[in-house]
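# A closer look at the structure
Residues per chain, in single letters:
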Amino acid sequence: LPSVTSVMRGSHELLRRDIGSENAVLKIKYEVHKPVLAENTHVQGRLVITLGGKGGILASRGHAREFASRGYLVLTHDRRGNQGSSWGIRDSQRYRDDSSGSFLAEPLTHALDTCALVDSLEEFQVEGDKPPHWLGESSGARMSIYAAALRPECVRSLVCMNLTAGPKAAEVIAHAYHGENADDVRAGGLDALRDGNQDSAARMDDPELVEELESVGAEKFIAWSDAEATFVRTHAVDGYPLVAIRSGTLARIRAPSLGIHTFGGFDGMHTAEAIRNFASGVSGSECEFYDPRTVNEDDVMDRIIRLFEST
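A brief look at the structure comes next. Small disclaimer: the values here were computed from a predicted structure and weren't measured. (Residues numbered from 1 in each chain as written. Predicted model: local features only at pLDDT ≥ 70, side-chain atom pairs only at ≥ 80, totals over all residues. Heavy atoms only, no water.)

### Section: the overall build of the protein chain
Filter applied, for reference: Helix and strand definitions follow DSSP, with helices as H or I runs of at least four residues and strands as E runs of at least two, each counted in order from the N terminus. Classification of residues uses two cut-offs on accessible area relative to the type maximum, computed with a 1.4 Å probe and protein chains only: under 20% is buried, over 50% is exposed, and between them is partly exposed. Pairs of residues are marked as contacts when any of their non-hydrogen atoms sit within 4.5 Å. Here the accessible surface of atoms and residues is derived via Shrake-Rupley with a 1.4 Å probe, and residues count as covered only by protein chains that are part of the display.
Along its length, the protein chain carries 10 helices and 10 strands. Counting every position in the protein chain, which comprises 311 residues, the buried fraction comes to 57%. If you take every contact in the protein chain between residues at least 6 apart in sequence, the share linking residues at least 24 apart comes to 73%. If you sum the accessible surface of the protein chain, you get close to 12900 Å²; carbon and sulfur atoms cover 47% of it.

### What about unusual backbone geometry?
With phi around 55°, Ser-138 is a residue other than glycine that occupies positive phi space. Of note, Ser-138 is situated in the loop between strand S7 (129-137) and helix H3 (139-150). Classification of Ser-138 by relative accessible area gives buried; the value is 14%. A positive phi angle is found at Ala-244, which is not glycine, with a value near 65°.

### Concerning the side chain of His-63
By the element assignment, His-63 lies in helix H1 (residues 57-69). The residues touching His-63, leaving out its near neighbours within four places in the chain, are Thr-50, Leu-135, Glu-137, Met-161 and Met-301.

### Quick notes on the packing of helix H2 (residues 108-119) against H3
As a reminder of what qualifies: Only the stretch in contact is used when a helix axis is fitted, and all axes are lines through C-alpha atoms; the angle between N-to-C directions ranges over 0 to 180 degrees. Any angle from 65 to 115 degrees is called roughly perpendicular, while one under 35 is roughly parallel, one over 145 is roughly antiparallel, and all others are oblique. For any pair of crossing helices, the crossing counts as left-handed if the nearer helix is rotated counterclockwise from the farther one by less than a right angle, and right-handed if it is rotated clockwise.
Put simply, H2 and H3 touch, their axes get as near as 8 Å, and they point 70° apart. With respect to H3, the element H2 is oriented roughly perpendicular. As for how H2 packs across H3, the hand of that crossing is right-handed. Across from Leu-108, His-110, Ala-111, Thr-114 and Cys-115 in H2, the residues of H3 making contact are Met-143, Tyr-146, Ala-147 and Leu-150.

### Some words on the environment of Pro-35
Assignment of secondary structure puts Pro-35 in strand S2 (residues 25-36). Measuring from C-alpha to C-alpha, the distance between Pro-35 and Val-7 comes to 9.0 Å, with 28 residues separating the pair along the chain.

### Regarding the pairing of strand S8 (residues 157-161)
The following threshold applies: DSSP calls a pair of strands paired once it identifies at least 2 bridges connecting them. By definition, the crossover connecting two strands over a helix is right-handed if that path, from the first strand to the second, turns clockwise as seen with the strands pointing away from the viewer.
Burial within S8 is extensive, with 5 of its 5 residues counted as buried. Judged by which residues are buried, S8 turns out to be covered on both faces: Ser-157, Val-159 and Met-161 on one side and Leu-158 and Cys-160 on the other are all buried. Here S7 runs beside S8; their pairing, made up of 5 bridges, is parallel. By the bridge assignment, His-133 is partnered in S8 with Ser-157. For the crossover that starts at S7, traverses H3 and ends in the parallel S8, the hand is right-handed. Note that S8 and strand S9 (residues 257-261) share 4 bridges and pair parallel. Residue pairing across strands places Leu-158 opposite Ser-257, the latter belonging to S9.

### Some thoughts on the environment of Ala-149
Mapped onto the elements, Ala-149 comes out in helix H3. The spacing of Ala-149 and Ala-251 is 102 residues in sequence and 8.0 Å in space, taken between C-alpha atoms. In this structure, Ala-149 is in contact with Thr-249, Arg-252 and Ile-253, ignoring residues within four places of it in sequence.

### A word on H2
Just so we agree on the cut-off: A helix is expected to reach a length of 1.5 Å times the quantity of its residues less one.
The terminal C-alpha atoms of H2, which comprises 12 residues, lie 17 Å apart, in line with the 16 Å expected from a rise of 1.5 Å per residue. With respect to burial, H2 is a largely interior element, 11 of its 12 residues being buried.

### Regarding the environment of Leu-158
Relative to the assigned elements, Leu-158 resides in strand S8. Residues Leu-158 and Ile-253, spaced 95 residues apart in sequence, show a C-alpha to C-alpha distance of 9.2 Å. In this structure Leu-158 touches Trp-134, Ser-144, Ile-145, Ala-148, Ile-253, Pro-256, Ser-257, Leu-258, Phe-278 and Leu-307, once residues within four positions along its chain are discounted.

### A few points about helix H4 (residues 166-188)
Stated formally: Bend, in this description, refers to the angle at a residue between axes fitted to the seven residues ending there and the seven starting there.
Taking 1.5 Å of rise per residue, the 23 residues of H4 would be expected to cover 33 Å, and the 32 Å separating its terminal C-alpha atoms lies within 8% of that figure. The sharpest bend along H4 measures roughly 50° and falls at His-175. Every buried residue belonging to H4 is among Gly-166, Ala-169, Ala-170, Ile-173, Ala-174, Ala-176, Tyr-177, His-178, Gly-179, Asn-181, Ala-182 and Val-185, and all of these are buried. Next to the buried residues of H4 lie H3, helix H5 (198-203) and helix H7 (218-233). Residue Gly-189 follows H4 closely and has a positive phi angle near 75°.

Geometry only, nothing functional implied.
Okay, here's the thing in structure tokens:
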């Protein structure tokens with residue numbers, strides 16, 4: 001196994017031609033964690049995508065380091081509207097979920113962004129065995145589900161940790177991701193984001209992201225944020241076993257899949273029920289439940305690796 005790992009950090013200009021504009025270029029902040037042998041030789045490793053929750057790269061860095069230490073080449077990134085990546089408002093549009101006929105925004109848009117990023121890996125000298133394995137946690141798990149359902153050629157295996165289900169979870173997500181920012185801008189204009197939540201305040205330190213936001217304007221930003229929040233709130237009840245994910249979407253997944261629960265349900269969002277809904281909706285999926293008071297992270301990682309090695 002590698003004795004240490006190295007990290008490559010940067011921003012990639014991601015061209016998304018499939019969102020209706022050939023000028024749709026997103027700035028995506030990413031990290032690539034590489035396994036390194038003792039003699040400082042990089043390993044041409046198996047590829048893993050790891051996606052965290054609201055914290056983006058910060059939330060997934062622990063998993064990325066652990067996978068790299070076990071010989072995997074790992075990509076993680078901040079999705080649009082999160083941490084160091086573009087807001088993506090100018091080029092945002094709702095996608096049609098063919099299984100339901102309804103239009104979807106987040107997390108589907110984010111999942112397709114990640115698939116496009118995987119397609120362009122060689123542009124910044126990152127190579128590895130494709131298709132990659134995917135590990136998503138919380139909101140990152142919802143992104144991973146859509147990737148597996150709609151771009152199966154991009155997903156070798158799928159692990160979803162600590163998923164969200166139900167109206168309470170939807171309300172928290174709607175406010176934390178969208179509503180809070182909209183309220184700040186209503187009260188004090190775009191500059192209010194500098195004093196808002198930690199995520200938006202950090203993003204206002206990047207001149208490119210500020211320029212993008214100013215080109216959109218406060219009115220459109222508020223309208224976009226409100227629409228996203230409403231979408232999340234209204235797609236978490238009948239026919240939605242997970243927040244913003246329909247039963248038909250789960251049924252389309254063919255990749256070997258595993259659901260893992262380590263939260264214990266104490267926050268009312270990341271519940272054991274959500275993992276059961278995932279496992280019952282995805283044919284052949286398994287699920288594991290760990291007591292958060294006694295869970296050994298090595299045991300969890302070993303279980304994930306067993307799935308990866310079997311595919």
